[in-house]
Amino acid sequence: MCGIVGFIGQRQAAPVLMEGLEKLSYRGYDSAGIAVLDERGKLLIRKEEGRIENLRSVLVKKPANGCAGIGHTRWATHGKPSRLNAHPHTDEKGRIAVVHNGIIENHEDIRRKLGVSCISQTDTEVIAHLLGALYDGDMQHTLLRAMKELKGSYALAVLCETEPEKLFCARQQSPLVMGFSADSGEGHIASDIPALIRHTRDVLILHDGEAGVVTREGMRVVNADGAACHHPLFHVGWDEASAEKGGFAHFMLKEIHEQPQALRDTFACRKGDWLPISKQEAQDMQMVTLAACGTAYHAALYGAYVLEKLARIRARAEIASEYRYRDVPVSENEWFVAVSQSGETADTLAALQKAKAMGMRTLAVCNVVGSGMARETQALCTHAGPEMAVASTKAYLTQVQMFLMMAITLGGMRGVISPAEAEERWRQMSLLPELATRTLQTHAQIERFVSRLQGCEHVFFIGRGLDYALAMEGALKLKEVSYVFSEAYAAGEMKHGPIALLEKGRLVAACITQEKLADKMISNLQEARARGAQVLAVCTEGLAERVRPHADECVVIPDADEYTAPMLAAIPLQLFAYSMAVARGCDVDKPRNLAKSVTVEEW
Ligand code: F6R
């Protein structure tokens, strides 16, 4: 989730690129860089770690003059945030500069095949070397050939000394748009519309597998076979502020919609020895403690379930702010995993440090490369991209996914699941992006239901097994963004106390994705309705017929296996919280009293 800009025209490129990068800084901002072709046709590269202002200071000291250039704001995925890893990257001769969004899955294979040594830790540098090796005097054609070798998702912008009158770009599963203004003779490239909305409102949206070229005269796109494409221009009707949110009313909604891509990108990390645990360590593993706060703790609860079930390892989720002050006996071969979107949460970091001090083997699951936790221990990074809304959505879902990936891999290493079963689990996971896209369509139904929920101030979320962990996340999401009182209970616990609270005007939101527990959940729904409460059920297609008669509203998600169905069911719960917050006029992206990253213990 980085940002790309490109410009060619009659005026200086650097100020236009910098303005575009500022507009894209919401996509990531751990480093930034530009490449400009000077009047002699030489590439000038300027880059810097940190915020875009840092790059601006570099340009004051060392200007980059020229009328064509590309730029990038980075959110690290391969290699820590540093000047060296910042884009653009160049080929061996330094004549081709590349900026890239996405992930190249086979970058190691390409690097080996080319026999080049890279100076950065990025997958992007390999693209520059590949283009250098394949270059045949026509970069657009070279890009098409390179794309046949690249595996993964990417949007690329390329600048080339030998074709100084052109900007090149290509796309595969990562957005990229082009724009041209005949009045000014200026061409633009951007990963997101906000970066070029000042210059043109008519944009050409590149499709997967296509390569484009922009000049001072116009733009041209070809498909994978080299045939010209004539896409109609898309007219941008949004203003600049909503354009940053991709046309969505709030970042939270945008991030909910980014989940199919986040799942796809996180799944792509699973290759080779992706898990930094040896077979011997996996077999010796006795216990795993997962510690986290808030939403990440709910992902840890899911993690503990699947590690027990699929990898047959004793596992427990701990609230980090409790764990750090407890006196917990540590068993031999016990591992500790810190879970955190930001990688900076003070309590989770302290729990991690304590675990290290107690001699436990540690890992972190976080969404920010180079964060405090990633520096403290080896990190498994989710690829959710930057999360701007305070309420976590896509980071949560990819944390859950990371634990499922971990459990399948460990289960295989420990010989407790067969290769065939592991294969089936991976296959189910590969279906998630598509199923998540379908699940997003429940939004309209949820909005309609919310509009009928006048004066509902108490919501109980219930579930069993993995759905209990999900119910906890549903309750947290609702309370934090809509300020409606909500609590989660293991459904079997209702009769031990909470049922006393059920009466007319209360809502019970039930998560039902686990076939073997469905009958018990249906009994819970009957109990709730018998006491006058309304029932909102979220269930799988296969269970809908049985659940629907017992619910006031039944939101149906696609069928999926028992591990991935709760992930899909998280989406309607997020949309429910979002719709409730909107209906109640709340500040969705910045709920009261909350901060995105809690880096101090008490505040
Ligand atoms: C809720 C939310 C918080 C965070 C918690 C931990 O939507 O975002 O509960 O999950 O503050 O933050 P990280 O994951 O950054 O450690």
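About the criteria used
- Residues numbered from 1 in each chain as written.
- Predicted model: local features only at pLDDT ≥ 70, side-chain atom pairs only at ≥ 80, totals over all residues.
- Heavy atoms only, no water.
- Helix = DSSP H or I, 4+ residues; strand = E, 2+ residues; numbered from the N terminus.
- Buried < 20%, exposed > 50% of the residue type's maximum accessible area, 1.4 Å probe, protein only.
- Near = heavy atom within 4 Å.
- Polar contact = N/O pair within 3.5 Å; in protein donor to acceptor, adjacent residues only side chain to side chain.
- Areas by Shrake-Rupley, 256 points an atom, 1.4 Å probe, with all protein chains shown as cover.
- Nonpolar A, V, L, I, M, F, W, Y, C, P; charged D, E, K, R; others polar.
- Pairing = 2+ DSSP bridges.
- Contact = heavy atoms within 4.5 Å.
- Axes fitted to C-alpha atoms, helices over the stretch in contact; angles between N-to-C directions.
- Expected span 1.5 Å × (residues − 1).
- 1 Å grid on protein atoms, 1.4 Å probe; cavity = no way out; pocket = protein on both sides within 12 Å on 5 of 7 lines; lining within 4 Å.
- Points joined across faces, edges and corners; volume = space filled by probe spheres on them.
- Salt bridge = Lys/Arg side-chain N within 4 Å of Asp/Glu carboxyl O.
- Core = buried A, V, L, I, M, F, W, Y, C linked by side-chain atoms within 4.5 Å.
- Arc of directions from axis to C-beta.

Student: So what's going on with unusual backbone geometry? Which residues, and what values?
Tutor: For the bond from His87 to Pro88, the omega torsion is 5°, close enough to zero to count as cis. Relative to the helices and strands, Pro88 is located in the loop between strand E4 (68-74) and strand E5 (89-90). Residue Asn333 is not a glycine yet carries a positive backbone phi of 55°. Residue position: Asn333 is located in the loop between helix H11 (320-323) and strand E18 (334-340). Of note in the backbone geometry, Tyr483 takes a positive phi value of approximately 65° without being a glycine. Note that Tyr483 resides in the loop between helix H18 (466-482) and strand E22 (485-490). Look at Tyr483 and you get partly exposed, because its relative accessible area is 24%.

Student: I'd like a rundown of the site of the ligand, residues and numbers included.
Tutor: The environment of the ligand is made up of 14 residues, and the closest members are Ser340, Gln341, Ser342, Thr345 and Glu480. Here an oxygen atom of the ligand and a backbone polar atom of Gln341 are 2.6 Å apart. Coverage of the ligand by the protein amounts to 90% of the 400 Å² it exposes when considered alone. Going through the elements one at a time, helix H10 (294-311) and H18 are the ones with two or more residues in the shell around the ligand. Residues that form the shell around the ligand fall into these classes: five nonpolar, seven polar and two charged.

Student: Please provide a residue-by-residue account of the sheet that holds strand E7 (residues 152-160), values included.
Tutor: As a general point, the strands of a sheet are linked pairwise by backbone hydrogen bonds and lie either parallel or antiparallel. Taken in spatial order, the seven strands make up an open sheet running E5-E6-E7-E8-E12-E13-E14, and their pairing is antiparallel. Both outer strands of the open sheet, E5 and strand E14 (228-229), are each paired with one neighbouring strand and no more. Two strands pair when backbone bridges link them, and strand E13 (residues 219-222) and E14 are joined in this way by two bridges, in the antiparallel orientation. Bridge assignment links Val221 to a residue of E14, and that residue is Cys229. Against the sheet, helix H4 (residues 124-134) makes contact with E5, strand E6 (96-104) and E7, and its axis sits at roughly 130° relative to E6, the strand it touches most. Against the sheet, helix H5 (residues 139-149) touches E6, E7, strand E8 (167-172), strand E12 (210-214) and E13, its axis set at about 20° to E8.

Student: Please set out H18 residue by residue, giving values where relevant.
Tutor: In a regular helix each residue adds 1.5 Å, so 17 residues correspond to 24 Å; H18 covers 25 Å between its end C-alpha atoms and thus fits that length. Of the residues one or two after H18, Tyr483 is the one with positive phi, at around 65°.

Student: Tell me what's going on with empty space enclosed by the protein, and back it up with residues and numbers.
Tutor: Overall, the coordinates contain seven cavities of 30 Å³ or more when judged by the stated rule. The space that makes up the largest cavity amounts to roughly 70 Å³. As for the largest cavity, its lining consists of 13 residues, and the residues nearest its centre are Arg74, Thr77, His87, Asp123 and Thr124. If you tally residues by element for the lining of the largest cavity, the top one is E6, at three residues. When its residues are assigned to classes, the lining of the largest cavity shows three nonpolar, eight polar and two charged.

Student: How would you sum up the pattern of salt bridges? Please name residues and give values.
Tutor: In total, this model carries 36 salt bridges according to the counting rule given. Ionic pairing is found between Arg425 and Glu421, a salt bridge with its closest N-O pair at 3.0 Å. With Arg425 and Glu421 both in helix H15 (residues 419-430) and four residues apart, the pair spans about one turn of that helix. With a relative accessible area of 29%, Glu421 lands in the partly exposed category. Each of Arg316, Glu318, Arg326 and Glu334 takes part in one network of salt bridges that share partners.

Student: Give me the lowdown on the nonpolar core, citing residues and values where you can.
Tutor: Core analysis: the biggest nonpolar cluster contains 121 residues, and Ile34, Leu410, Phe461 and Phe576 have the highest contact counts within it. Setting aside anything within four residues of it in sequence, one finds Leu410 in contact with Leu275, Ile277, Ala282, Met285, Leu307, Ala311 and Ile313. One finds Ile110, Ala128, Leu143 and Val213 within the second-largest nonpolar core, a separate group that totals 26 residues.

Student: Requested: an account of the side chain of Arg111, with residues and values cited.
Tutor: If you trace the backbone, Arg111 turns up in helix H3 (residues 107-114). The exposure class of Arg111 is buried, given its relative accessible area of 15%. Excluding its chain neighbours within four sequence positions, the residues that come into contact with Arg111 are Val116, Cys118, Ser120, Thr122 and Val126.

Student: Before we move on, could you go through helix H2 (residues 52-61) and cite the residues and values that matter?
Tutor: Within H2, burial applies to Ile52, Leu55, Val58 and Leu59. Looking straight down H2, one finds that the buried residues subtend no more than 110° of arc, so they occupy a single side. The outward face of H2, more than 90 degrees from its buried face, is lined by the exposed residues Val60 and Lys61. Elements that come into contact with the buried residues of H2 comprise helix H1 (13-23), strand E2 (31-37), strand E3 (43-49) and E4.

Student: Before we move on, can you summarise the pairing of E4 with the specific residues and values?
Tutor: Most of E4 sits out of view: seven of its seven residues are buried. Neither face of E4 is left uncovered, since the one carrying Ala68, Ile70, His72 and Arg74 and the one carrying Gly69, Gly71 and Thr73 both have all their residues buried. The pairing of strand E1 (residues 3-8) with E4 spans six bridges and is antiparallel. Paired with Ile8 across the two strands is Ala68, which belongs to E4. Taken together, the seven bridges between E2 and E4 define a ladder with antiparallel strand orientation. The residue of E4 that forms the bridge with Ser31 is Arg74.

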